[in-house]
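The lines below spell out each chain.
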Amino acid sequence: MQAPVTRALKIREQLGADGWGPEGTRPYYGRVFERVHLETAPPANACACTFVEAAQQAGFPLVAFMVCFSSKLPLSPFLSAV
């Protein structure tokens, strides 16, 4: 399955945004991911749980972000090869 961001970048490139696809933006995402570290809220955090539940009720899918940034992946699923 293709990551939503990868799919969106490919579509933008197909629509004429040359160089803005996954491969063209990979170096820039890499720089960001070197400097930005994600933290997760523990499941016991009532505010975070309520926010996630509301987002799901609004139609947003649940995404396991920490799985995305595993050291086994080159950058993240956002830029994974298809």
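Residues numbered from 1 in each chain as written. Predicted model: local features only at pLDDT ≥ 70, side-chain atom pairs only at ≥ 80, totals over all residues. Heavy atoms only, no water.

Considering the overall build of the chain
Next, step 1: A tally of helices and strands in the chain yields 4 helices and 0 strands.
Next, step 2: When the helices and strands of the chain are read in sequence order from the N terminus, they spell out α-α-α-α.
Next, step 3: Residue burial in the chain is summarised as follows: out of 82 residues, 16% are buried.
Next, step 4: Of the contacts made within the chain by residues no fewer than 6 positions apart, 49% connect residues no fewer than 24 positions apart.
Next, step 5: Surface exposure of the chain reaches about 6,500 Å², of which carbon and sulfur atoms provide 63%. (Helix = DSSP H or I, 4+ residues; strand = E, 2+ residues; numbered from the N terminus. Buried < 20%, exposed > 50% of the residue type's maximum accessible area, 1.4 Å probe, protein only. Contact = heavy atoms within 4.5 Å. Areas by Shrake-Rupley, 256 points an atom, 1.4 Å probe, with all protein chains shown as cover.)

Side note on helix α2 (residues 22-35)
Next, step 1: Between the first and last C-alpha of α2 there are 19 Å, a value that for 14 residues agrees with the 20 Å anticipated at 1.5 Å per step.
Next, step 2: Along α2, the helix axis deviates most sharply at Tyr28, where the bend reaches about 30°.
Next, step 3: Taken together, the buried positions of α2 are Pro22, Thr25 and Gly30. (Expected span 1.5 Å × (residues − 1). Bend = angle between axes of the 7 residues up to and from the residue.)

Examining the pattern of salt bridges
Where charged atoms of side chains with opposite charge meet at close range, the side chains can pair.
Next, step 1: What the rule picks out here adds up to 1 salt bridge.
Next, step 2: Arg26 serves as the salt-bridge partner of Glu23, at 2.8 Å between the closest nitrogen and oxygen. Placement of both Glu23 and Arg26 in helix α2 is noted, with a separation of 3 residues, approximately one turn of the helix. (Salt bridge = Lys/Arg side-chain N within 4 Å of Asp/Glu carboxyl O.)

Quick notes on the confidence of the model for the chain
Next, step 1: Of the residues in the chain, 67% reach a pLDDT of 70 or more, and the chain-wide mean stands at 74.
Next, step 2: The element-level mean pLDDT for the chain is lowest in helix α4 (residues 65-68), coming to 51, with helix α3 (residues 46-57) highest at 89.
Next, step 3: Every residue in residues 67-82 is under pLDDT 50, and counting partners more than four places away or in other chains gives 31 contacts. (pLDDT = per-residue confidence, 0-100.)

Observations concerning the state of the cysteines
Next, step 1: All told, the structure shown has 0 disulfides when counted by the stated rule.
Next, step 2: Cysteine Cys47 shares no disulfide, and the gap to the nearest cysteine sulfur, in Cys49, comes to 9.3 Å.
Next, step 3: Judged by relative accessible area, Cys49 falls into the partly exposed class, the value being 30%. (Disulfide = S-S within 2.5 Å.)

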